[in-house]
Amino acid sequence: MKDKDNFNKLFYGYLWAFILVALSGCLGNVVDGIIVGNLVSADGVSAINLSKPIVQFIFTLHLLINAGAGMLVGYALGRKDEREASVLFTRALGLSVGISLLLAIVAGVMLPGSVAAMLCSNELIRPLALDYMRVLLIGAPFYVLMWGFSTMVGVDGSPRLVSVAVIVDNVVNLCLDIVFIKFFGWGITGSSAATVVGHMVGIAILLTHWRTHRRLLPVGGFTGLWQSVRRIVGQGAPLALASICLTLLLLSANTIILSSAGRTGIFVFAVCMNLLQVYNLFLSGTCQTLQSLGAIQIGKNDHEGFRTVMHKALRFITVSMVVTCLFVWIDPAAIARLFGATEADVIAECSHALRVFATSFIPFCYIYVLMIIYKLYGQHRMALFISLALSLTVIPVLWIVSRVAPSALWYSYIIAYAIEAAMIFVMHKALHVKFSIPER
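What comes next concerns the included structure. (Residues numbered from 1 in each chain as written. Predicted model: local features only at pLDDT ≥ 70, side-chain atom pairs only at ≥ 80, totals over all residues. Heavy atoms only, no water.)

1. Thoughts on the overall build of the chain
Our working definition: We count a stretch as a helix when DSSP gives it H or I for four or more residues in a row; a strand needs E for two or more, and each element gets its number in order from the N terminus. Here the globule rule is a power law, 2.2 Å times the number of residues to the power 0.38, and the radius of gyration is based on C-alpha atoms. Only protein chains enter the accessibility calculation, which uses a 1.4 Å probe. A residue is then buried if its area is under 20% of the maximum for its type, exposed if over 50%, and partly exposed in between. Whether two residues are in contact is decided by their heavy atoms: any pair within 4.5 Å suffices.
Each helix and strand counted, the chain has 15 helices and zero strands in total. A compact globule built from 440 residues would reach a C-alpha radius of gyration of about 22 Å, and the chain, at 21 Å, matches this within 12%. Once the C-alpha set of the chain is aligned to its principal axes, its extents read approximately 60 × 50 × 40 Å. By the burial criterion, 58% of the 440 residues in the chain qualify as buried. In the chain, the proportion of contacts linking residues at least 24 apart, taken out of those at least 6 apart, comes to 82%.

2. Section: unusual backbone geometry
Not every positive phi belongs to a glycine, and Lys80 is a case in point at roughly 65°. Turning to its location among the elements, Lys80 is positioned in the loop between helix H2 (42–78) and helix H3 (82–110).

3. Comments concerning the pattern of salt bridges
The cut-off we apply is this: By convention in these notes, a salt bridge is any Lys or Arg side-chain nitrogen within 4 Å of a carboxyl oxygen on Asp or Glu.
A full pass over the atoms with the stated rule returns two salt bridges. Between Glu84 and Arg231 there is a salt bridge, and its shortest N-O distance comes to 2.4 Å. Residue Glu84 is found in helix H3, and its partner Arg231 is found in helix H9 (residues 225–299); the two are separated by 147 residues along the sequence. The class for Arg231 is partly exposed, based on a relative accessible area of 32%. Two residues, Arg134 and Asp131, come together in a salt bridge whose shortest N-O distance is 3.9 Å. Of this pair, Arg134 and Asp131 both sit in helix H5 (residues 126–138), three residues apart, roughly one helical turn. By relative accessible area, Arg134 is classed as partly exposed at 32%.

4. Comments concerning the packing of H2 against helix H6 (residues 140–155)
Two packed helices can be described by the angle between their axes and the distance between those axes. What counts is decided by this rule: Under this scheme, a helix contributes an axis fitted over its contacting stretch, all axes are lines through C-alpha atoms, and angles between N-to-C directions fall in the 0 to 180 degree range. Here is the rule for angles: anything less than 35 degrees is roughly parallel, anything more than 145 is roughly antiparallel, 65 through 115 is roughly perpendicular, and the remaining ranges are oblique. Handedness of a crossing follows from how the near helix is turned relative to the far one, being left-handed for an anticlockwise turn of less than a right angle and right-handed for a clockwise one. Following the grouping adopted for this structure description, the nonpolar residues are Ala, Val, Leu, Ile, Met, Phe, Trp, Tyr, Cys and Pro, the charged ones are Asp, Glu, Lys and Arg, and the polar ones are all others, Gly among them.
Here H2 crosses H6 at 20°, and the two axes come no closer than 9 Å. Relative to H6, the element H2 lies roughly parallel. In this structure, H2 crosses over H6, and the sense of that crossing is right-handed. On H6, the residues touching Val55, Ile58, Phe59, His62, Asn66, Ala69, Gly70, Val73, Gly74 and Leu77 of H2 are Ala140, Tyr143, Val144, Trp147, Gly148, Thr151, Met152 and Val155. A class-by-class count of the residues in the contact of H2 with H6 yields 12 nonpolar, six polar and no charged.

5. A word on a nonpolar patch on the surface
For the record, the criterion: Patch building starts from residues that exceed 30% relative accessible area and form no salt bridge, then joins like charges within 9 Å and nonpolar side chains (Val, Leu, Ile, Met, Phe, Trp, Tyr) within 5 Å. All accessible-area figures derive from a Shrake-Rupley calculation using a 1.4 Å probe, and residue coverage is judged against the displayed protein chains alone.
Taken together, the side chains of Leu102, Ile105, Val106, Val109, Met110, Leu111 and Ile138 define a hydrophobic patch exposed on the protein surface, amounting to about 650 Å² of accessible area. For the nonpolar patch, the element with the highest residue contribution is H3, accounting for five residues. By the secondary structure assignment, Leu102 is in helix H3.

6. A closer look at the packing of aromatic side chains
Cut-off, in case you're wondering: Each pair of aromatic rings taken from Phe, Tyr and Trp, with Trp reduced to its six-membered ring, is defined by centres within 6.5 Å and is described as stacked if the planes are under 30 degrees apart, edge-to-face if over 60, and tilted in the remaining cases.
The tally for this structure, following the rule as stated, stands at 17 aromatic pairs. With centroids separated by 6.5 Å and ring planes inclined at 45°, the aromatic side chains of Phe269 and Tyr413 adopt a geometry described as tilted. Pair noted here: Phe269 is in helix H9 and Tyr413 is in helix H15 (residues 412–430), with a separation of 144 residues, a long-range link. For Phe269, a relative accessible area of 0% corresponds to the buried category. Centroid distance Tyr413 to Tyr417: 6.2 Å. Interplanar angle 70°. Geometry classified as edge-to-face. Of this pair, Tyr413 and Tyr417 both sit in helix H15, four residues apart, which is roughly one turn of that helix. According to the relative accessible area criterion, Tyr417 is buried, its value standing at 3%. Here the aromatic cluster, defined as three or more aromatic residues joined through ring pairs, consists of Phe269, Phe357, Phe361, Phe364, Tyr368, Trp410, Tyr413 and Tyr417.

7. Re H2
The test is simple: The angle between axes fitted to the seven-residue stretch ending at a residue and the seven-residue stretch beginning at it gives the bend at that residue.
Leu63 marks where H2 bends most, by close to 35°. Across the 37 residues that make up H2, a large majority, 33, are buried.

8. Looking at the environment of Ile317
Looking at where Ile317 falls in the secondary structure, it is placed in helix H10 (residues 303–330). Ile317 gets classed as buried once you look at its relative accessible area, which sits at 0%. When the C-alpha positions of Ile317 and Ser284 are compared, they lie 9.8 Å apart, and in sequence the two are 33 residues distant. In contact with Ile317, other than residues within four places in its own chain, are Phe282, Leu283, Thr286, Cys365 and Tyr366.

9. A word on H6
For clarity, the threshold we go by: Multiply 1.5 Å by the residue count of a helix minus one, and that product is the helix's expected span.
The end-to-end C-alpha separation of H6 is 23 Å, in line with the 22 Å expected for 16 residues at 1.5 Å each. Taken across its 16 residues, H6 has 15 buried, putting it largely inside the fold. Gly157, located one to two residues past H6, shows a positive phi value of around 95°.

10. A closer look at the packing of H6 against helix H7 (residues 159–183)
Contact geometry of H6 with H7 gives a least axis separation of 8 Å together with a crossing angle of 155°. Between H6 and H7, the interaxial angle falls into the category roughly antiparallel. H7 is crossed by H6, and the crossing has left-handed handedness. Where H6 approaches H7, its residues Met146, Ser150, Val153 and Gly154 are matched on the opposing element by Pro159, Leu161, Val162, Ala165, Val166 and Asp169.

11. Describing the environment of Leu111
Inspection of the secondary structure puts Leu111 in the loop between H3 and helix H4 (112–119). Taking the C-alpha atoms as reference points, Leu111 and Ile414, separated by 303 residues in sequence, lie 36 Å from one another.

12. Observations regarding the side chain of Thr289
For Thr289, the position within the fold is in helix H9. Overall, Thr289 belongs to the buried group, its relative accessible area being 0%. Among all residues touching Thr289, those that are not within four sequence positions of it are Phe11, Tyr14, Leu15, Phe18, Gly294 and Val309.

So, in structure tokens, the structure goes:
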């Protein structure tokens, strides 16, 4: 009984820490949307939504490098191989800094106008989008480092410190949002600047982890560099591919909805995507806990321990999704007003769309968790298939519905996820998949 209580405490310690980590990625956008909608304009909310493919792309870099490395570090720590864990941490840190700096220089300093033009076709919204995107791109290294350090510090046994760092990060972001926009007069630029400064403060707090912990220390040398990079990228590839597909989906959906439903439609879609951020709080926390603790149990070759982690993760994501969905269904109009909607027809359309999307995101979350389970069990083909199909099934469905039945546009997501669930079932049976812990 005592061992069970200790395991529960460990699981929920990781879970709530990683849920708070997710806040650093999504709450910044949600808070930005609410404050910008009330202090700048409804077009500002649309501009932030049109910028989300950039945030998603930066998050893809994190998944490719740090999420993959985090699983490998968990495997190594489970085997008590601290040297291997340190090497993987060092290589992941170097990749994170190098790639994110390159992105900041090329896209943020040299080509921000081209990026804004590519993501926003509306001339009224584009100047706002450019102001928001420029700072976001220049601050890309701080996004990647905040997420990366959070993952590694959590895996290294300090989820509480991660919680503190993320709470402070978001408090700083919230306060500076108001200061920069309202008192400094920076407009929408102040919103993205506040998010970057918040991440800088969070990183500073996470670095205190190494005052007392000595397992994941930077290791010099280039021996086995290419092999380590291949392992890191290979481990994170399915998650990164899912994120790349989601980036493509955001780009495609913004284009389709902006062309077929205009400024009102893109505002409604922006509010719905902010709702997805709420789901992502629980989804991201659940998946990172499953990855970290699950990888450690697999490293120990503890099949029952891994099954316990998996069952707890599935139970938590189910409860959190049902509660969130019910909350949205009760009063969706309040959510629309929260983001600055004032016209009756816009509020009505928002209410309808939010109820549909609240239901649509439930199969999305289950499919994503299933991808993590396949990955941890070594079923790489299934994980890769899900990562590709997770978003790509939505694009053709969205395009067809926008042409054939535009009044049913908001149902495109749930139709696509139902199709994908059927495809996963068929492929699982065709490949005769069996769940067993792979050899390490």
